[in-house]
Amino acid sequence: MGKRAGTTTAGRVWMSMLATGMVSGAGAIALNHFFPDWRLIHYPLHASVESVGAFAAFIIATLILGLRNHGRLGVAYVWVASALISMGFLDGLHALMHAGQGFVWLHSAATFLGGTTFMFVWAADRFDGQAWTRGVPYGAFAITAGVAAGSLLFPEHVPRMVVDGQFTVAARVANVVGGIGFLAAALYFVPRRAAKTERRGSMVFSSHCLLFGISGIIFEFSMIWDAAWWFWHVLRIAAYMIAVLFYFRLARGIEDDLARALESERQYSALQQQFVSLVSHEFRTPLAIIDGSAQRLLRRKGDITPEILEERLGRIRAAVERMVGLIDTTLYAARMDAGKIDFSPTPCDVAELVRHACANVAATSEHHQIQCDVSALPARLDADAKLLEHVFLNLLSNAIKYAPNAPRIDVSAWIDGNDAFIAVRDQGVGIPAGDLDKMFERFFRAKTSAGIRGTGLGLSVSRAFTRMHGGDITVESAEGEGSAFTVRLPLTPAG
Ligand code: ADP
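Report follows, based on the coordinates. Worth saying up front: this structure is predicted, and the values here are computed from it rather than measured. (Residues numbered from 1 in each chain as written. Predicted model: local features only at pLDDT ≥ 70, side-chain atom pairs only at ≥ 80, totals over all residues.)

## Brief notes about the overall build of the protein
In step 1: Helices and strands together make up the secondary structure of the protein, namely 13 helices and nine strands.
In step 2: Here the C-alpha atoms of the protein give a radius of gyration of 36 Å, more than 25% beyond the 23 Å that 2.2 N^0.38 yields for 495 residues.
In step 3: Principal-axis analysis of the C-alpha atoms gives the protein an extent of 120 × 50 × 40 Å.
In step 4: Taken over 495 residues, the protein has a buried fraction of 36%.
In step 5: A separation threshold of at least 6 residues defines the contact pool for the protein, and within that pool the share at least 24 residues apart is 74%. (Helix = DSSP H or I, 4+ residues; strand = E, 2+ residues; numbered from the N terminus. Rg over C-alpha atoms; globule rule 2.2 N^0.38 Å. Buried ≥ 20, exposed ≤ 12 C-beta atoms within 10 Å, placed from the backbone. Contact = placed C-beta atoms within 7 Å.)

## Points about the site of the ligand
In step 1: In the vicinity of the ligand, 21 residues are found, and the nearest of them are Tyr402, Arg445, Ala446, Gly454 and Gly458.
In step 2: Listing elements by their share of the shell around the ligand, those giving two or more residues are helix H12 (385-401) and helix H13 (458-468).
In step 3: Broken down by element, the residue count for the shell around the ligand peaks at three residues, all from H12.
In step 4: Residue classes in the shell around the ligand are distributed as eight nonpolar, 11 polar and two charged. (Near = placed C-beta within 6 Å. Nonpolar A, V, L, I, M, F, W, Y, C, P; charged D, E, K, R; others polar.)

## A short note on the environment of Ile473
In step 1: Here Ile473 shows up in strand S8 (residues 472-478).
In step 2: Between the alpha carbons of Ile473 and Thr305 there is a distance of 45 Å; along the sequence they are 168 residues apart.
In step 3: Residues in contact with Ile473, not counting those within four places in the same chain, are Ser462, Arg463, Thr466, Phe485, Thr486 and Val487.

## Re helix H6 (residues 136-153)
In step 1: The terminal C-alpha atoms of H6, which comprises 18 residues, lie 25 Å apart, in line with the 26 Å expected from a rise of 1.5 Å per residue.
In step 2: In the core, the buried residues of H6 are packed alongside helix H2 (43-69), helix H3 (76-95) and helix H4 (101-119). (Expected span 1.5 Å × (residues − 1).)

## Points about the nonpolar core
The nonpolar side chains of a soluble globular protein tend to be buried with one another.
In step 1: Counting 72 residues, the largest nonpolar core has Val80 and Cys209 as its most contacted members.
In step 2: Sorting the residues of this core by element identifies helix H1 (2-34), H2, H3, H4, H6, helix H7 (169-188), helix H8 (196-219) and helix H9 (227-299) as the ones contributing at least two each.
In step 3: The leading source of residues in this core is H3, at 14 residues.
In step 4: Residues within four places of Cys209 in sequence aside, it is in contact with Phe118, Phe182, Leu183, Ala185, Ala186 and Phe189.
In step 5: If you look at the next biggest cluster of nonpolar residues, it comprises 39 residues, including Ala351, Ala403, Val411 and Leu489. (Core = buried A, V, L, I, M, F, W, Y, C linked by C-beta atoms within 7 Å.)

## As for the packing of helix H11 (residues 350-362) against H12
In step 1: Taken N-terminus to C-terminus, the directions of H11 and H12 make an angle of 40°; their axes are 9 Å apart at the nearest point. With respect to H12, the axis of H11 lies oblique. Crossing of H11 over H12 shows right-handed handedness. Each of Val350, Leu353, Val354, Ala357, Cys358, Asn360 and Val361 in H11 lies in contact with H12, whose residues at this interface are Ala385, Leu388, Glu389, Phe392, Leu393, Leu396, Ser397 and Ile400.
In step 2: Per-class residue counts for the contact of H11 with H12 are 12 nonpolar, two polar and one charged. (Axes fitted to C-alpha atoms, helices over the stretch in contact; angles between N-to-C directions. Parallel < 35°, antiparallel > 145°, perpendicular 65-115°, else oblique. Left-handed = near helix turned anticlockwise from the far one by under 90°.)

## Side note on the pairing of strand S7 (residues 419-426)
In step 1: Where strand S6 (residues 408-416) and S7 come together, eight bridges link them in antiparallel fashion. Within the sheet, the bridge partner assigned to Val411 lies in S7 and is Val424.
In step 2: In textbook terms, the turn of a hairpin is the stretch between consecutive antiparallel strands, and for S6 and S7 this stretch comprises two residues, one of which, Gly417, has a positive phi near 60°.
In step 3: Where S7 and strand S9 (residues 482-490) come together, eight bridges link them in antiparallel fashion. Opposite Ala423, over in S9, you have Thr486 as the bridge partner. (Pairing = 2+ DSSP bridges.)

## Quick look at the packing of H4 against H6
The relative placement of two packed helices is expressed as an angle between their axes plus a distance between the axes.
In step 1: Interaxial distance between H4 and H6 falls to 11 Å at its minimum, and their mutual angle equals 160°. Of the possible angle classes, the one that applies to H4 and H6 is roughly antiparallel. When you trace H4 past H6, the crossing you get is right-handed. Between H4 and H6, the contacting residues are Gly102, Trp105, Leu106, Ala109, Leu113 and Thr117 on the first element and Ala140, Thr144, Val147 and Ser151 on the second.
In step 2: Split into classes, the residues belonging to the contact of H4 with H6 amount to six nonpolar, four polar and no charged.

## Things to note about the sheet that holds strand S4 (residues 369-373)
In step 1: Read from one edge of the open sheet, five strands run S4-S6-S7-S9-S8, paired in mixed fashion. Taken across any chain shown, the strands that pair with only one partner, and hence form the sheet edges, are S4 and S8. Going across the sheet, the axis of each strand differs from the next one's by a mean of 15°, ignoring polarity.
In step 2: Lying over the sheet, H11 contacts S4, S6 and S7, oriented at roughly 175° with respect to S4.

See below:
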């Protein structure tokens with residue numbers, strides 16, 4: 001699917017590159033053919049076009065370097081930003097000059113340096129991770145500043161660029177070599193399989209470089225101030241505008257992402273605060289039961305019958321069990337967040353594990369009977385016993401908790417295809433239809449849980465554990481009629 005999408009994008013880019021190349025080439029030839037003598041000598045217009053381009057180049061370079069610092073763009077973009085810095089600098093200076101040797105020289109140097117630097121995107125991966133690559137944009141700036149200063153201080157040493165109103169070989173070579181550099185970079189940017197932001201960046205820079213490449217080549221067929229000459233200026237400004245618009249959109253997208261992340265962080269921390277107060281409340285209740293039972297035992301020291309002793313100790317044990325369960329769930333959730341859950345499946349007797357959990361949970365309530373028939377399960381199933389035990393303790397203790405007035409709980413098992421199923425059914429408060437799809441979200445508690453202690457953490461942990469086994473948990477329920485939670489486990493571990 002991803003591959004097909006990538007191919008289609010690449011196909012579209014190839015098509016648009018071809019179309020852009022043909023339209024630009026045909027445009028230049030047509031202008032040369034139909035308006036051979038047309039000239040527009042307009043310094044302010046030219047200066048504006050070049051300064052807008054230079055300004056755009058700096059903005060894009062800055063944005064790129066910023067995005068790279070945030071790890072959003074790959075190492076190739078170091079070279080893109082460096083090329084843009086060179087081009088922005090020299091083209092900006094060129095915009096300020098009067099037509100002549102220096103004027104053409106600065107522009108040609110911009111195309112040459114820009115194109116050859118851009119071409120380094122092909123080698124970027126090889127240099128990836130080497131410390132010196134961080135300095136490349138500064139290096140580009142220093143070299144460009146050197147070229148600019150040299151050109152202004154020693155104009156007599158600048159290669160001759162125009163003779164008799166025609167561009168010299170040196171000028172043509174500089175522009176065509178730069179143009180070829182841009183075309184090579186355009187090929188690099190034909191989208192390959194990359195992250196989404198990168199893919200869009202690739203598309204932008206493939207057209208950006210293509211327009212620059214073509215304008216470098218068209219230079220060859222133009223004369224200063226003629227129609228083709230203005231035409232390649234238009235192509236270049238179009239190239240800059242494409243990139244600027246894209247990066248403004250990208251930056252806005254990042255801002256939106258940040259705002260969304262902040263909002264969800266805020267919601268999460270509100271939930272966590274709610275959770276902390278729930279947990280502390282959850283600890284208080286069993287501690288109060290333990291304390292109360294112990295005090296009563298103390299007070300009646302002399303005349304404790306074995307029945308009273310059993311009843312009180314039973315309460316204490318149930319309260320301790322509840323606290324241990326809560327601590328386990330909380331710790332598991334924290335370890336899951338830290339990616340530190342150790343999943344080690346071994347062949348295990350799941351039927352025995354479920355029976356054991358049933359017996360444990362049944363001991364915590366005098367009012368409930370758990371009917372457990374899991375004989376359909378195979379003798380051995382690959383599972384992590386600790387994690388799976390936690391899942392069934394959670395489901396069974398929920399069944400008791402959310403069915404205070406319905407004593408019967410059924411646990412059954414069956415095999416279907418390549419899966420084993422274990423269902424825990426109660427006839428308790430049930431879950432409203434509108435809440436069913438949120439049952440496994442962390443901290444979510446159904447409306448029917450009002451007045452019943454809980455944190456909304458257990459089911460999300462249980463589902464995560466079951467999924468680690470390649471299985472899942474599903475729920476069927478109707479408000480007031482009870483619930484059935486079904487665990488599915490693959491008979492053969494997912495390969
Ligand atoms: P807790 O029970 O601590 O709130 P869980 O994650 O185990 O946390 O359960 C999440 C929510 O799912 C509960 O608050 C309750 O609304 C609902 N729930 C879970 N099991 C049952 C059940 N057997 N019957 C009705 N509702 C249930």
